[in-house]
Amino acid sequence: MTWPLISVVIPTYGREEPLRDTIADVLQQDYPNYEVLVVDQTKTHQRETQAYLEKLAADGKIRWFCVDWASLPGARNYAARRATGEIILFIDDDVQLKPGYLAAHARNYIDRPEVGAVAGRVFDRMKLTDSGGELTIEDLPPQAMDPGIAWYYIDLVHTVKPQQVISARGCNMSFRREIFTKYGLHFDERFKGSAVREESDFCLRLRQTGYKIWYDPEADLVHLGEETGGCHDISTRSLRYQITFYHNHFLMALKNLTPFQQMRLFARLFDCHVLGNPPCNKSGSPIKIITRAGFYSLGFINALGTLIKSTIDDGQIYTQQDSVNGVPRQSRGHEG
């Protein structure tokens, strides 16, 4: 069997020991044909991390790119333009990988030519704790393929059976390279803050190519969900975080869904995240509901503003910074 070249992309922001451990897990994979691209958005690392990255880059074990901005979709695009693999695989900077992880992703592309993306299983510590670790799902319900409400039914943590899905989770997803080259797709850099829903937006557009997104529970990893670093450049309790959370949901819907699908998502978003009904299970305090309703409204207004502004500027500011007269520009890149 000829194993395709995999480009493993690790965007990182403000992470130290978890980043080192993640890279170590990747480098310990026994897969015969892969490269590792680290897109580093951290201004200043701890001495140990800095020395570790410098050594790996000098030895040619990673391709280390340092950029002077912070954007998760921007970092994904930056790496996709530089990746050389037939498969581009994105993971977070706080994950643990088992042996055979890369091969599990690759087998899907070898065995299934109709597959354009693979969604791996995520052992999410927080969600597994909430469920008690006992829940298992064989077949996802039909609602999990409905763009209007899928996000409340698709479960890539507890599902144990391979099947077609509507989206992947950003910490464990891979794509055929031609999704970016032949079809010209890119991650939308207008998704702000934690960039929630940026992968959903990308996957909805990918489905228009005719390719399928395949869920493989064997392509699993452990997501540590560190409280600092990563895309947590702002506190989850902050005003800015709350507004961007809703902004991103509304932006995804306004871009990709029909008016009827939009209304269903907006209603579900309000019921769950504002009123606090299951599965969100938030406080029913009138003051908190009113506060969350304010964030919801501001997020919608913000998303409309983003779309209006995009009639003049497409919003892909980090991609624009990465080229001068169409020639890619490398920001403080380090390659061995």
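Residues numbered from 1 in each chain as written. Predicted model: local features only at pLDDT ≥ 70, side-chain atom pairs only at ≥ 80, totals over all residues. Heavy atoms only, no water.

Quick word on the overall build of the protein chain
Looking only at helices and strands, the protein chain features 10 helices and 12 strands. Here the C-alpha radius of gyration of the protein chain, 20 Å, is about what a compact globule of 336 residues would show, namely 20 Å. Once the C-alpha set of the protein chain is aligned to its principal axes, its extents read approximately 60 × 45 × 40 Å. Among the 336 residues that make up the protein chain, the fraction classed as buried is 54%. Sequence separation of at least 24 residues holds for 77% of the intrachain contacts in the protein chain that already meet a minimum separation of 6. Computed over 38 positive and 41 negative side-chain charges, the separation of the two mean positions in the protein chain equals 5 Å. (Helix = DSSP H or I, 4+ residues; strand = E, 2+ residues; numbered from the N terminus. Rg over C-alpha atoms; globule rule 2.2 N^0.38 Å. Buried < 20%, exposed > 50% of the residue type's maximum accessible area, 1.4 Å probe, protein only. Contact = heavy atoms within 4.5 Å. Lys, Arg positive; Asp, Glu negative; His and termini not counted. Charge placed at Lys NZ, Arg CZ, Asp CG, Glu CD.)

Notes on the pattern of salt bridges
With the rule as written, the count across this model stands at 19 salt bridges. Where Glu35 meets Arg63, a salt bridge forms, and the shortest distance between an N and an O atom there is 3.2 Å. A residue pair is termed long-range when its members are at least 10 positions apart, and Glu35 in strand E2 (residues 34-40) and Arg63 in strand E3 (residues 63-66) qualify at 28 residues. Comparing Glu35 with Arg63 shows no difference in burial state: the two are buried. Residues Asp188 and Lys255 are paired through a salt bridge, measuring 2.7 Å at the closest nitrogen-oxygen approach. One end of the pair, Asp188, is in the loop between strand E8 (172-176) and helix H6 (198-206); the other, Lys255, is in helix H7 (residues 239-256), and 67 residues separate them in sequence. (Salt bridge = Lys/Arg side-chain N within 4 Å of Asp/Glu carboxyl O.)

Comments concerning the side chain of Gln316
Here Gln316 is to be found in the loop between helix H9 (286-309) and helix H10 (317-321). Using a relative accessible area of 6% as the deciding quantity, one classes Gln316 as buried. For Gln316, the side chain forms a polar contact with the main-chain oxygen of Asp314, separated by 3.0 Å. Other than its neighbours up to four places away in sequence, Gln316 contacts Asn77, His186, Phe187, Asp188, Glu189 and Arg190. (Polar contact = N/O pair within 3.5 Å; in protein donor to acceptor, adjacent residues only side chain to side chain.)

A look at H6
It helps to recall that an α-helix has 3.6 residues per turn; residues three or four apart then point in one direction. Most of H6 sits inside the fold, with nine of its nine residues counted as buried. Within H6 the residues assigned to the buried category are Glu198, Glu199, Ser200, Asp201, Phe202, Cys203, Leu204, Arg205 and Leu206. Where H6 is buried, its residues touch helix H3 (72-82), strand E6 (115-124), E8, strand E9 (212-223) and H7.

A look at the packing of aromatic side chains
For any pair of aromatic rings, the description rests on two quantities: the centre-to-centre distance and the angle between the ring planes. Tallied over the full model, the rule gives 21 aromatic pairs. Judged by centre distance (5.7 Å) and plane angle (70°), the ring pair of Phe65 and Tyr78 falls under edge-to-face. Note that Phe65 is positioned in strand E3 and Tyr78 in helix H3, a separation of 13 residues in sequence. Residue Phe65 shares its accessibility class with Tyr78, and that shared class is buried. A ring pair is formed by Phe245 and Tyr246, whose centres lie 5.2 Å apart and whose planes are at 85°; its orientation type is edge-to-face. Owing to a relative accessible area of 0%, Tyr246 belongs among the buried residues under this scheme. Above the ring of Trp214, the side-chain terminus of Arg112 is found at 3.9 Å from the ring centroid. In this structure, Arg268 is placed above the aromatic ring of Tyr152, and the distance from its NZ or CZ to the ring centre is 4.9 Å. (Phe/Tyr/Trp six-rings, centres within 6.5 Å; stacked < 30°, edge-to-face > 60°. Lys NZ or Arg CZ within 6 Å of the ring centre and 35° of its normal.)

What to know about the nonpolar core
Membership of the largest hydrophobic core comes to 58 residues, with the highest contact counts inside it found for Phe175, Phe180 and Leu206. It is H7 that contributes the most residues to this core, eight residues altogether. Formed by 31 residues, the second largest nonpolar core is a distinct cluster that contains Val26, Ile87, Val115 and Cys171. (Core = buried A, V, L, I, M, F, W, Y, C linked by side-chain atoms within 4.5 Å.)

So, the packing of helix H1 (residues 17-27) against helix H2 (residues 47-58)
How two helices sit against one another is set out by the angle between their axes and by the gap between those axes. The geometry of H1 relative to H2 is characterised by a closest axis approach of 10 Å and an angle of 25° between their N-to-C directions. When the axes of H1 and H2 are compared, the pair comes out roughly parallel. Helix-helix and strand crossings are classified by hand; for H1 and H2 the assignment is left-handed. Where H1 abuts H2, its residues Leu19, Arg20, Ile23, Ala24 and Leu27 lie against Glu48, Thr49, Tyr52, Leu53 and Leu56. Among the residues making up the contact of H1 with H2, the classes are represented as seven nonpolar, one polar and two charged. (Axes fitted to C-alpha atoms, helices over the stretch in contact; angles between N-to-C directions. Parallel < 35°, antiparallel > 145°, perpendicular 65-115°, else oblique. Left-handed = near helix turned anticlockwise from the far one by under 90°. Nonpolar A, V, L, I, M, F, W, Y, C, P; charged D, E, K, R; others polar.)

Considering the state of the cysteines
Applying the stated criterion across every chain, the model contains one disulfide. Across the disulfide, Cys272 is cross-linked to Cys280 (sulfur-sulfur distance 1.8 Å). Of note, the bridge from Cys272 to Cys280 carries an S-S torsion of about 95° and is right-handed in sense. Lacking any disulfide linkage, Cys203 is separated from the closest cysteine sulfur, that of Cys171, by 12 Å. Overall, Cys203 belongs to the buried group, its relative accessible area being 0%. (Disulfide = S-S within 2.5 Å.)

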